[in-house]
Structures are given as structure tokens and as C-alpha cells.
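Analysis of the macromolecular model
Below are the chains, spelled out letter by letter.
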Amino acid sequence: MPTYAATSAQLGIGPSRLVPSLCILGMLAVIFAAMVTWLLYLGDLRRQEEELAQAAIRAATVLDHNLTLRAHSLSAMRLTAEQYLDGHAQLTVNPATALSSTSGGYLLAELSGYRGEELGHLAGRGAAPGAQSAAAREMAMALALTPLFRTVIRRDSDTLRVSYISERNFSYVLPVYEARPPDLERTRRYYETVEASGQSVFWTVPHQDEDSRGLVVGVGMPVRDGGRVVGAVVADLAISRLIHLLDDHDLKGAKLLLTTEDGIYLAGDPSHLQLLGGNGAASRQVEGEFLLLRQRLDAAPWTLQLVAPRPQLRRNAIRQALPFALVTVLLCGSVVLLVCLAHMLRKIATLSIRDGLTGLHNRRFFDAVAAPALRRAHRDAKHFGLILFDVDHFKRFNDNHGHQAGDTALSIVATSVARRLRRGADLAYRVGGEEFAVTCEATSGLAIERLAQELREAVAAAAHVFPESEFGHLTVSVGVAIAPPGEETDIEALYRRADAALYRAKANGRNTIECCRAGTAEA
Ligand SMILES: Nc1nc2c(ncn2[C@@H]2O[C@H](COP(=O)(O)OP(=O)(O)OP(=O)(O)O)[C@@H](O)[C@H]2O)c(=O)[nH]1
């Protein structure tokens, strides 16, 4: 037995499949947004790492450049010193004549022709050298370096002091800001470094400055006299000041550290000292929650290390990816909403032309399409039929079986009628409570009458039990009005004729059809 649901499905207005479709669409959109966001996030992490690596290279280049300038200054001093030593430059003073004895050594006293504060600190151990000695000649050479020493100190704020240290147990230091004489022990150590390195530029092990200006490293260059190393010019650099050269570099929140090649701390943010490795080569590695980038310097045996907190990088990446994720979600949400809206509009449009109980077209749709359909049939020289049918004794059916059963009966009538209509131009409507209509076109009036008869029989064949009816089952009475080609009539007149025919069918005993042909008087 067909039911209302079967009829609705047949007519294409069954229960909506939209909700699961929208859920799947929404899920796909969320998965898509999540995947793209994840890819963007990973891409941005990678980009940040690359930028940090580039920043490390740039910072190392800046330091290298500055340290190379220091080495050039040393070269100028060394050349000047060697010119004096090999006699190409004139010695103008003899400092040995102005040495005053101290315990275990000597100091440079006031030297005529020089104002004391312009001179450096000349001091040595052992007996003061004689005025004509090789040591006095070397001391004079050291004094001759004073203008160069002063230039370097004034130019490079990270250069704390410049000195000449000699194999002959003396040193000459500028500027003279220390109350004490030069540390001859350190002088000795410097000199040993020179001898040990045998290179043109040497770097000392970092040490604490006596005046607490932080870690100091000495960069020096040996001075030769006739090919033999006799001493070295040395500049003491305050490493913490050196690293300030990098202050304006955009390091994206990463901390900068300067270490020796062995990973010994020199300068920079000391909060992550435990991460420092000894590998001096350029490298990139992850240490727990930190990304560590190492870049070896060319000009000094040091390594620049960049320590970037990975949570910070992740936060940056999320900040980059989030707007896209939001836009994607918004776009996907908008698409889902639009689909939803389109479906609802379609449904509203369907509801506005369909009868909610039977799924047939409603009276409004009949009023909209019946007249144009009649005109079209007239134009195409076809017969146009309007078939009205009304359920017999329906009040009795309702009274005996209840309103709900009455509704089911109406659905059965609608299903029977809809199934019988096969041509697209033939349309069925529920035009009143228990009244139905069919509009159709045919090449003859007889074909329309036959269709009306078949519709009546289709309802009867459904044999929906109705004991109180004289037929024992549900039946309909049918009134037919036919407008043959060429007849000028309108839909209202045709309706009245069909209605009159239906009235006659009722009067003739029901479960029958009556036809009102063209020109027949209206009842
Ligand atoms: N269950 C149900 N009943 C309806 C609906 N629309 C109209 N009816 C009922 O249909 C009945 C029509 O009764 P009548 O117009 O007196 O006609 P009838 O009882 O069918 O008698 P005849 O048409 O002369 O055979 C009324 O009782 C209406 O309440 C509906 O949508 N559902």
C-alpha cells in the first residue's frame, strides 16, 4: 500500500539529504583548511630558520669585516716598527736616558720633548738598558708607534689598549690610565703566544680585564728585526663592546653569543651557556626547545652562535598561518552557508507550489500554470482537458475513520493519480480539501475522456477499504471539460464546465465520470 512518504519521494520532495551532505562538506572544508594551515605553518618555520641562518652569516660577516680592519691597523704598526728597526726610519728619542729604576725593573720617566700624558707606559724588568743598547733602540721604536697607537684607540671604541711587547722583557702600553705599571707577566704570556703561533696574526686566550671591563682578548702581530721575531704589537679588545656592532641586526628574537672555537664564552647573552657546543664549523641543530645556529668567523678563531627559542618560532609561524586559516574557514563556512541557503530557497520554492499532504501541485500553482497551458494547447492546435475529481463520501470516511485516516486516503488518491500520469505536460493538482484536478493535452477529446476514466479506475484499483461506501472501497467522481482546438475559451469557463460535470457525476451515483464537451451549457 503506497504511503505519503512514497509519494513524496516519487515526486522528488522526500526527506532532505542536505544535513549529511553539509556535514561532509563542512568536514572536508575543515580538513582542507587544517592541511593548508599546517603546510603554511611548516613553511614559515622553515623560512624563519633560513632567515636566522642568513642573519648569522650576515652578523659573522660584519664581525669579520671589523676584525679584519683591526688586523690592518696592526699591519700598519708592524710595518712602521720594522721600518724603525731596520733603520729606514729615523729614531728621534732615546728613552733609555729617561728610565727610572723600580723594584726589579724600570719605568719611563719624563722624556724631554714629550708631554707625559701623550706617551704610553714603558716599563721593564731587570736592569735598565744602556743608552746605546739594542733594547734602547727597540724602546725608541716602540715610542715611535705612539701616534698610530693613539689613532687606533680613538677610532675603535672596543680597543681598550694597544701595546708593544718585547722579547727583551719590556712593554710599551697606551693609554696610560692604569695607576700601576704594565703587567709584565701578561707581557711575557703574550710574547709566548707570539712565539707559539708563529703566524702573522695571533689571538690570545680571553681573560678578564683588570679594570673590570669584561672579557678582553688580545690580537697581535709579530714584529721582526732582521727576520727574527723580537716582539709584537698587540691590541686588547673588549669583546662585549665588539658584539654591540651587531645590535641593530634583526635577529628575530634570537640571542647572540660569541665563543671561541672550543665553545668558551666570550660575549653575548649568557642565559643559554649550557647549550654551547665546541663545533666551530657552520652548523644548525636542535637542542631541546632551542634552535642553535653556528657560524665560524674567518678573521678570528671564534664562533658566532645564534640561540633561537623554538616556541617563539612556533608562535611566529602560527601568527603567519592563522589569518589564512581564518580566511579559509570563513570562505568554507560561506560556501556551506550558500549551499544551505540555495537548498532552502529551492525547498521554499518547491513548498510554494506543492501541496504539503499529497506532494501534488497546489491550487496556487494551478492558478499560475493552467491558463498558459490552455493557451499553449490552443496555439498547438491540441485538445486541452481539465479533469476534476472529488473523493466520494469523504465526510463519512473522516467521521468513521478519523481525520488522520482521511489524510492517508487523500495521499493514496494522489499517488494513484500521479502514477498514472506519464507525460510531462500532464499535471496533477490538489485544488481543494478532497478535490483534485488534472490538466492535459491530447490529439483528441476521446483520449482525454479515456485518461479521466483511467484515473477514476486507478483510485478504485487502489481498493482502499471503505466499508461505509456503497462500493466498499475508496472511489472518486470525475468531471471532465475539454477545449478542442480552435475553441476560444478561458480557464475559468473550462473550470466551471468541469465542475458542472463533476456535479452530475455525483448525482449519477458517484464512482463515475461525466464529460462536458465544448459548447455544452454550464450547470
Ligand atoms: N482528512 C481530511 N479531510 C478533509 C481534508 N480536506 C477536506 N476534508 C474533509 O472532506 C470532507 C468533504 O465532505 P463533503 O464536501 O461534504 O463531501 P463528501 O462527504 O465527500 O460527499 P460527496 O462529495 O458528496 O461524496 C469534509 O468533511 C472535510 O472536512 C483534508 O485535508 N484531510
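All figures in this text were calculated on a predicted structure; none of them were measured in a lab.

**Regarding the site of the ligand**
The full set close to the ligand counts 16 residues, and His 393, Phe 394, Lys 395, Asn 398 and Arg 430 are the nearest of them. In this structure, an oxygen atom belonging to the ligand sits 2.5 Å away from a side-chain N or O atom of Arg 430. For the ligand, whose unbound accessible area comes to 650 Å², protein coverage reaches 67%. Among the secondary structure elements, those contributing two or more residues to the shell around the ligand are strand E15 (383-391), helix H9 (394-401) and helix H10 (403-420).

**Concerning the UniProt feature "transmembrane region" (unreviewed entry) in the protein chain**
Within the UniProt annotation, "transmembrane region" (unreviewed entry) is assigned to residues 18-42 and 321-345. Between the end C-alpha atoms of residues 321-345 there is a gap of 36 Å, over a span that is 100% helix and 0% strand.

**Some details on the sheet that holds strand E12 (residues 283-287)**
Within a sheet, adjacent strands bond to each other through the backbone by hydrogen bonds, running parallel or antiparallel. Ordered in space as E11-E10-E14-E13-E12, the five strands form an open sheet in which the pairing is antiparallel. The outermost strands of the open sheet, each flanked by one partner alone, are strand E11 (265-268) and E12. Averaged over all pairs of adjacent strands, the angle between strand axes in this sheet comes to 25°, irrespective of strand direction. With three bridges connecting them, strand E10 (residues 255-260) and E11 associate as antiparallel partners. In the sheet register, Thr 259 faces E11, and the bridge partner there is Tyr 265. Strands E12, strand E13 (290-296) and strand E14 (302-309) of the sheet are contacted by helix H7 (residues 310-353), whose axis makes an angle of about 55° with E14.

**Thoughts on the packing of aromatic side chains**
The tally for this structure, following the rule as stated, stands at nine aromatic pairs. Aromatic side chains Phe 389 and Phe 436 sit 5.7 Å apart centroid to centroid with 15° between the ring planes, which places their arrangement in the stacked category. Residue Phe 389 is located in strand E15, and its partner Phe 436 is located in strand E17 (residues 435-442); the two are separated by 47 residues in the primary sequence. The exposure class assigned to Phe 389 is buried, which follows from its relative accessible area of 2%. Relative accessible area serves as the criterion here: at 1%, Phe 436 is assigned to the buried category. Ring geometry for Phe 397 against Phe 466: centres 4.9 Å apart, planes inclined by 80°, an arrangement best described as edge-to-face. Of this pair, Phe 397 sits in helix H9 while Phe 466 sits in the loop between helix H11 (445-462) and strand E18 (476-483), and the two are 69 residues apart along the sequence. On the basis of relative accessibility, which here comes to 2%, the residue Phe 397 falls in the buried class. On the basis of relative accessibility, which here comes to 0%, the residue Phe 466 falls in the buried class.

**Observations regarding the nonpolar core**
Among the nonpolar cores identified, the biggest contains 71 residues, and Phe 149, Tyr 164, Tyr 172, Val 233, Leu 258, Trp 302 and Leu 304 are the most heavily contacted of them. When neighbours within four sequence positions are excluded, Val 233 is seen to be in contact with Leu 74, Met 77, Arg 78, Leu 145, Phe 149, Ser 163, Tyr 164, Val 219, Gly 220, Met 221 and Val 223.

**Digging into the packing of helix H8 (residues 363-379) against helix H12 (residues 491-507)**
For the pair H8 and H12, interaxial distance at closest approach is 10 Å and the crossing angle is 110°. Regarding the angle of H8 to H12, the classification is roughly perpendicular. Residues Arg 363, Phe 366, Ala 370, Ala 371 and Leu 374 of H8 form the contact with H12, whose own contacting residues are Ile 491, Leu 494 and Tyr 495.

**Some details on the pattern of salt bridges**
A pair can form between side chains of opposite charge whenever their charged atoms are brought close. Scanning all chains against the criterion turns up 22 salt bridges. Between Lys 382 and Glu 441 there is a salt bridge, with the nearest N and O atoms lying 3.9 Å from each other. In this pair, Lys 382 is assigned in the loop between H8 and E15 and Glu 441 in strand E17, connecting sequence segments 59 residues apart. Here Asp 399 ties to Lys 395 by a salt bridge, and the two come within 3.1 Å at their closest N and O atoms. Of this pair, Asp 399 and Lys 395 are both found in helix H9, four residues apart, which corresponds to roughly one turn of the helix. Lys 395 sits in the exposed class, given a relative accessible area of 62%. Through salt bridges that share partners, Arg 70, Arg 155, Asp 156 and Asp 158 make up one connected network.

**A word on the sheet that holds E15**
Overall, mixed pairing links the five strands, which are arranged E16-E17-E15-E18-E19 in an open sheet. Of all the strands in the sheet, just strand E16 (427-430) and strand E19 (513-516) have a single pairing partner and so form its edges. Going across the sheet, the axis of each strand differs from the next one's by a mean of 20°, ignoring polarity. Sheet analysis places E18 next to E19, joined by four bridges and oriented parallel. Residue Gly 479 lies in a different strand from E19, and its bridge partner there is Glu 514.

**A short note on helix H3 (residues 134-144)**
Burial analysis of H3 places eight of its 11 residues in the buried class, the great majority of the element. Listed as buried for H3 are Ala 135, Ala 136, Glu 138, Met 139, Ala 140, Met 141, Ala 142 and Leu 143.

**Topic: the pairing of strand E8 (residues 215-225)**
For a regular strand, side-chain orientation follows a simple rule: the groups alternate between the two sheet faces. The buried count for E8 comes to nine of 11 residues, which makes it a mostly enclosed element. Here two bridges tie strand E6 (residues 202-203) to E8, and the two strands are oriented antiparallel to one another. Across the sheet, Phe 202 pairs through a bridge with Gly 220, a residue of E8. Bridge count for strand E7 (residues 207-208) against E8 is two bridges, and the pairing is antiparallel. When the sheet's bridge partners are listed, Gln 208 is paired in E8 with Leu 215. As paired strands, E8 and strand E9 (residues 228-238) are joined by 10 bridges and run antiparallel to one another. When the sheet's bridge partners are listed, Val 217 is paired in E9 with Leu 237. In this antiparallel pair of consecutive strands, E8 and E9, the connection spans two residues, and Gly 226 shows a positive phi of 65°.

Parameters at a glance
- Residues numbered from 1 in each chain as written.
- Predicted model: local features only at pLDDT ≥ 70, side-chain atom pairs only at ≥ 80, totals over all residues.
- Heavy atoms only, no water.
- Near = heavy atom within 4 Å.
- Polar contact = N/O pair within 3.5 Å; in protein donor to acceptor, adjacent residues only side chain to side chain.
- Areas by Shrake-Rupley, 256 points an atom, 1.4 Å probe, with all protein chains shown as cover.
- Helix = DSSP H or I, 4+ residues; strand = E, 2+ residues; numbered from the N terminus.
- UniProt positions renumbered as here; feature names shortened; annotations may be inferred.
- Pairing = 2+ DSSP bridges.
- Axes fitted to C-alpha atoms, helices over the stretch in contact; angles between N-to-C directions.
- Contact = heavy atoms within 4.5 Å.
- Phe/Tyr/Trp six-rings, centres within 6.5 Å; stacked < 30°, edge-to-face > 60°.
- Buried < 20%, exposed > 50% of the residue type's maximum accessible area, 1.4 Å probe, protein only.
- Core = buried A, V, L, I, M, F, W, Y, C linked by side-chain atoms within 4.5 Å.
- Parallel < 35°, antiparallel > 145°, perpendicular 65-115°, else oblique.
- Salt bridge = Lys/Arg side-chain N within 4 Å of Asp/Glu carboxyl O.

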